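Understanding the architecture of this molecule
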Amino acid sequence: MSTYRDPDARAAAKAGVLRTVGTRERRSHLSAPRVPTVGIDIGGTKVMAGVVDADGNILEKIKTETPDKSKSAKVVEDTITELVLDLSDRHDVHAVGIGAAGWVDADRARVLFAPHLAWRNEPLRDALQDRLAVPVMVDNDANTAAWAEWRFGAGRGEDHLVMITLGTGIGGAILEDGRVKRGKYGVAGEFGHMQVVPGGHRCPCGNRGCWEQYSSGNALVREARELAAADSPVAHGLIERVKGNVPEITGPLITELAREGDAMCVELLQDIGQWLGVGIANLAAALDPSCFVIGGGVSAADDLLIGPARDAFRRHLTGRGYRPEARIAKAQLGPEAGMVGAADLSRLVARRFRRANRRRVERHERYERYAQALRTGGNGRPSRTSQEPPA
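Reading the values: rules and limits
- Residues numbered from 1 in each chain as written.
- Predicted model: local features only at pLDDT ≥ 70, side-chain atom pairs only at ≥ 80, totals over all residues.
- Heavy atoms only, no water.
- Helix = DSSP H or I, 4+ residues; strand = E, 2+ residues; numbered from the N terminus.
- Buried < 20%, exposed > 50% of the residue type's maximum accessible area, 1.4 Å probe, protein only.
- Contact = heavy atoms within 4.5 Å.
- Areas by Shrake-Rupley, 256 points an atom, 1.4 Å probe, with all protein chains shown as cover.
- Phe/Tyr/Trp six-rings, centres within 6.5 Å; stacked < 30°, edge-to-face > 60°.
- Salt bridge = Lys/Arg side-chain N within 4 Å of Asp/Glu carboxyl O.
- Expected span 1.5 Å × (residues − 1).
- pLDDT = per-residue confidence, 0-100.
- Pairing = 2+ DSSP bridges.
- Axes fitted to C-alpha atoms, helices over the stretch in contact; angles between N-to-C directions.
- Parallel < 35°, antiparallel > 145°, perpendicular 65-115°, else oblique.
- Left-handed = near helix turned anticlockwise from the far one by under 90°.
- Nonpolar A, V, L, I, M, F, W, Y, C, P; charged D, E, K, R; others polar.

1. Overview of the overall build of the chain
Within the chain one finds 10 helices and 13 strands. Across the 391 residues of the chain, 47% fall into the buried class. When contacts within the chain are restricted to residue pairs at least 6 apart in sequence, long-range pairs at least 24 apart make up 62% of them. Carbon and sulfur atoms form 49% of the exposed surface of the chain, whose accessible area is close to 19500 Å².

If you want it as C-alpha cells, here you go:
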C-alpha cells in the first residue's frame, strides 16, 4: 500500500517539496546576472532613479518631483521613461525595477491603488515595458526597501524581518526566510493603515485613526504647523526660523531644530516615536519577527525618534519580560533603500529576459546557417554535409 495514503506521510512529503522550492527561491538572487539595472522609487513627493550594480552600489542617481496626483497616469509614466532613458544614455541597462508607494497586485504588474498618485488598477509594468524595450518589475516600495536592507543593510542575516518605512505615510513589508511575503492578493504589509485611534484623524485612504496619521512625516509636520498657526509660545523657535511662514515648516527642518535642542521639536519627535513603538508592539504580537528595520525619511532623526520607539515598544509588548524582544534597528541604506531593492529584484527578470534573448539569437543563427547552406550547396539545395534543418 502506498505510504501517501497516510496523512502524516503525505504532509511530510509536501513539506519536503515546499522546503526545496523555498530554498531555490531564496537562493535565486545569487544566480541572477551581475549586470547593472535601474531602480526607481516613487513616493508622495519625489521620484528617484538610479543605476545599481550587483553588489548594491549606486553608480548614478537622479531625482525629480512626483507629478501631482490630479494628473493622469501617463504623466507619471512619462516621468519614469525620461529618467530611465537619461540613465540609459550613460549605462548599459538590462532591466528596470519600480518600487511604487501603493498596492501592487500579486503578479507585480498592476498598481491597484496609490493614495498619493493617480493610479487605479494601472497596468504599469506592461505600459513601461512597451516603451522601454527592457523587462520591468513592479513592487510596493516598502517591499523593495525591505529586500535591500536584507541583502545589503541592517537586516543581513535575519530570517524573520519586518520593515517599516516612515515617509509621507507609513509603508511596511514582511520578509521571511529570504522571501518577501506579499499575501494572496499582493497587498500584505500595509501597516500604516492599521486603525490605532477609532474615530481619529482622517486618512487619505478614507478611514479614520490610521497609524500613519500619528507616526509619519505628515503627522510630524501637521502637529508642528498647528502649534505654529496657533502662535503657541512653545513653537517660538520654529516660527522664528520660518519667519512666520507656516507652510515652510517641513520634517527635515523639525529634525534639524530638534538636534539643535529646540524643546518643542524634540517633544514632537518623541510623540511620533512613542506611537511608532505602540505599532511595533502590535506587529510583534501578530508576526513575532526577530528584527524591525526602521527606514524612510523620518528615520533620519535617529535616536530622537528610535529611542522613544524602543521605550514604548518595551512598555506595550505582549508578554513583556517573558519572551525574547525583537531587535529594532535603523535602516542602513537610507532613502535609497527602495531604489536599490527595486533594482536588485529586477535582476531576476533580467535573467529570464537574457535567456529568452539568447534563445532568439541561437534560433536566428541556426536559420542563418541553414540559409547559407542553401546558397552554397549548388542547384538551390544544401549539400548533405552542410545541411542543418532549422529547429
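Still more ground to cover, so stick around.
2. Digging into the packing of aromatic side chains
A full pass over the atoms with the stated rule returns 4 aromatic pairs. Arranged with centres 5.9 Å apart and planes meeting at 70°, the rings of Trp 103 and Phe 113 form a pair that is edge-to-face. Pair noted here: Trp 103 is in strand 5 (residues 103-104) and Phe 113 is in strand 6 (residues 111-113), with a separation of 10 residues, a long-range link. For Phe 113, a relative accessible area of 23% translates into the label partly exposed. Ring centres of Trp 147 and Trp 150 lie 5.2 Å apart, and the angle between their planes is 50°; this geometry places the pair in the tilted category.

3. Observations regarding the pattern of salt bridges
One pass over the structure, following the stated rule, counts 21 salt bridges. A salt bridge links Glu 158 to Arg 327; its shortest N-O distance comes to 2.9 Å. With Glu 158 in the loop between helix 4 (141-152) and strand 9 (160-166) and Arg 327 in strand 13 (residues 327-330), the pair connects residues that are 169 residues apart, well separated along the chain. Overlapping salt bridges, with partners in common, bring together Lys 74, Glu 77, Asp 78 and Arg 131 in one network.

4. Things to note about helix 2 (residues 73-88)
Residues that lie three or four places apart on an α-helix share one face, since the helix turns once every 3.6 residues. End to end, helix 2 covers 23 Å across 16 residues, agreeing with the expected 22 Å (1.5 Å per residue, within 8%). Every buried residue belonging to helix 2 is among Ala 73, Val 76, Glu 77, Thr 79, Ile 80, Thr 81, Leu 83, Val 84 and Leu 87, and all of these are buried. In this structure, the buried residues of helix 2 make contact with strand 1 (37-42), strand 2 (46-52), strand 3 (58-65), strand 4 (96-100), strand 7 (120-122) and helix 3 (124-132).

5. Digging into the confidence of the model for the chain
For the chain, the mean per-residue pLDDT works out to 83, and 82% of the residues sit at or above 70. Across residues 9-27, where pLDDT falls below 50, the model places 9 contacts with residues more than four positions away in sequence or in other chains.

6. Quick look at the sheet that holds strand 13
Reading across the sheet, the 5 strands line up as 11-10-9-12-13 and stay open at both edges, with mixed pairing between neighbours. Of all the strands in the sheet, just strand 11 (179-180) and strand 13 have a single pairing partner and so form its edges. Here strand 9 runs beside strand 10 (residues 170-176); their pairing, made up of 7 bridges, is antiparallel. Each residue of the ladder has a partner; that of Thr 165, found in strand 10, is Gly 171. Lying over the sheet, helix 4 contacts strand 9, strand 10, strand 11 and strand 12 (291-295), oriented at roughly 50° with respect to strand 10. Taken strand by strand, helix 9 (residues 303-316) contacts strand 9, strand 12 and strand 13, and its axis lies near 170° from that of strand 13.

7. Section: the packing of helix 2 against helix 3
Contact geometry for helix 2 and helix 3: axes closest at 11 Å, N-to-C directions at 45°. Considered as vectors, helix 2 and helix 3 are oriented oblique to each other. In this structure, helix 2 meets helix 3 at a crossing whose hand is right-handed. Contacts between helix 2 and helix 3 involve Lys 74, Glu 77, Asp 78, Ile 80, Thr 81, Val 84 and Leu 85 on the former and, on the latter, Leu 124, Ala 127, Leu 128, Arg 131 and Leu 132. Its residues assigned to classes, the contact of helix 2 with helix 3 shows 7 nonpolar, 1 polar and 4 charged.

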